Amino acid sequence: MNHTHILGFDIGGTGIKGAIVDVVEGKLLTERIKVPTPDPATPDAIGRAVNTVTKQLGYKGIIGCGFPAIVKKGIALSASNIDKSWINVNVENLLSKYTECPVYVANDADVAGMAEQAFGFAANQPGTVIVLTIGTGIGSALFYNGVLIPNTEFGHLKFHKSIAEKYTSNAARKDKNLNWMEFGNRLNEFIQHLEFIFSPNLFILGGGVSRKFDLYKEYFKLETTIVPAKFQNEAGIIGAALYGHRIKN
Ligand code: BGC
């Protein structure tokens, strides 16, 4: 296996997606294989699912993985949209055991941000850039002059007597049956809050709902430019592979 062709995984609250990525070009080299996130999403169930996809791709080598939790030194320190039994689990060791490959793990939104930073709209952007992934939860990646400040968890900021991701994630949109105007207004409110706190130069929106950007963009009333992620829902896989490659080299 070419050492710049790395298997990247995006483990989400709804699906586990993997593909082999050319980390020099920032491109998927294989189809994206998606399996539903097991329910309950326990460490062993996810370990088995990640191994199934790895074997399906016939892959052996370094694996990079984005994981939907606070991750420090490969250890999960929170679990909002995955089983609580993940807390304090060394995700790198567990996935390495299941796949028999070296696995490197970081927060899913942080790695999606890394893809945008390396190959997408955050590239060469000075000052503060905020990448938000809107899916089952809300993930965030904060960059200052290209340097990532990891594990920011803006989706967990207190908001409307709850937290932001309960108010305006894609899951919240579906649960509450929000139309695009209602969803757009809520997302605008949240992003305006971040704008006031951080005065960024650019917002980038990723996650599944970034593909539908045109349906709600008119509701943004921001001073700051906001764009959908270049890699939309693939940013997580590309960034994961990039992370695995960078950590190893
Ligand atoms: C988690 C974050 C994650 C985000 C997106 C949130 O609930 O706390 O760690 O980045 O969902 O998956």
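Note that the structure is predicted; figures quoted are calculated from it, not measured. (Residues numbered from 1 in each chain as written. Predicted model: local features only at pLDDT ≥ 70, side-chain atom pairs only at ≥ 80, totals over all residues. Heavy atoms only, no water.)

### Overview of the packing of helix 1 (residues 43-56) against helix 2 (residues 91-99)
- Contact geometry for helix 1 and helix 2: axes closest at 8 Å, N-to-C directions at 50 degrees. It follows from the interaxial angle that helix 1 and helix 2 lie oblique. Here helix 1 and helix 2 pass one another in a crossing that is right-handed. Listed contacts from helix 2 to Pro-43, Asp-44, Gly-47, Arg-48, Val-50, Asn-51, Thr-54 and Lys-55 of helix 1 are Leu-94, Leu-95, Tyr-98 and Thr-99.
- Taken together, the residues of the contact of helix 1 with helix 2 sort by class into 5 nonpolar, 4 polar and 3 charged. (Axes fitted to C-alpha atoms, helices over the stretch in contact; angles between N-to-C directions. Helix = DSSP H or I, 4+ residues; strand = E, 2+ residues; numbered from the N terminus. Parallel < 35°, antiparallel > 145°, perpendicular 65-115°, else oblique. Left-handed = near helix turned anticlockwise from the far one by under 90°. Contact = heavy atoms within 4.5 Å. Nonpolar A, V, L, I, M, F, W, Y, C, P; charged D, E, K, R; others polar.)

### Quick look at the site of the ligand
- The immediate surroundings of the ligand are formed by 13 residues, with Asn-107, Asp-108, Glu-153, His-156 and Glu-165 found nearest.
- Between the ligand and the protein, one listed contact pairs an oxygen atom with a side-chain N or O atom of Asn-81 at 3.1 Å.
- Interatomic distance of 2.5 Å between a side-chain N/O atom of Asp-108 and an oxygen atom of the ligand.
- Computed on the free molecule, the ligand has an accessible area of 310 Å², of which 94% lies beneath the protein chains in the complex. (Near = heavy atom within 4 Å. Polar contact = N/O pair within 3.5 Å; in protein donor to acceptor, adjacent residues only side chain to side chain. Areas by Shrake-Rupley, 256 points an atom, 1.4 Å probe, with all protein chains shown as cover.)

### Some points on the domain arrangement of the protein chain
- The domains assigned to the protein chain are domain 1 (5-107 + 234-248) and domain 2 (121-229).
- Relative to domain 2, the C-alpha centre of domain 1 lies at a distance of 23 Å.
- Every contact between the two is made by 10 residues of domain 1 and, on the other side, 7 residues of domain 2.
- Each partner contributes to the roughly 600 Å² buried at the junction of domain 1 and domain 2, and carbon and sulfur atoms together form 37% of this total.
- Inspection of the region where domain 1 meets domain 2 yields 0 salt bridges.
- Counting across the domain 1 and domain 2 interface gives 3 residue pairs in polar contact (both at pLDDT 80 or more).
- Counted by class, the side of domain 1 that touches domain 2 contains 3 nonpolar, 6 polar and 1 charged residues. (Domains from an automatic or database assignment. Buried area = accessible area lost by both parts, 1.4 Å probe. Salt bridge = Lys/Arg side-chain N within 4 Å of Asp/Glu carboxyl O.)

### Quick word on the pattern of salt bridges
- Summed over the entire model, instances satisfying the criterion amount to 3 salt bridges.
- Between Asp-10 and Lys-17 there is a salt bridge, and its shortest N-O distance comes to 3.7 Å.
- Asp-10 sits in the buried class, given a relative accessible area of 9%.
- Here Lys-17 falls in the buried class, since its relative accessible area comes to 10%. (Buried < 20%, exposed > 50% of the residue type's maximum accessible area, 1.4 Å probe, protein only.)

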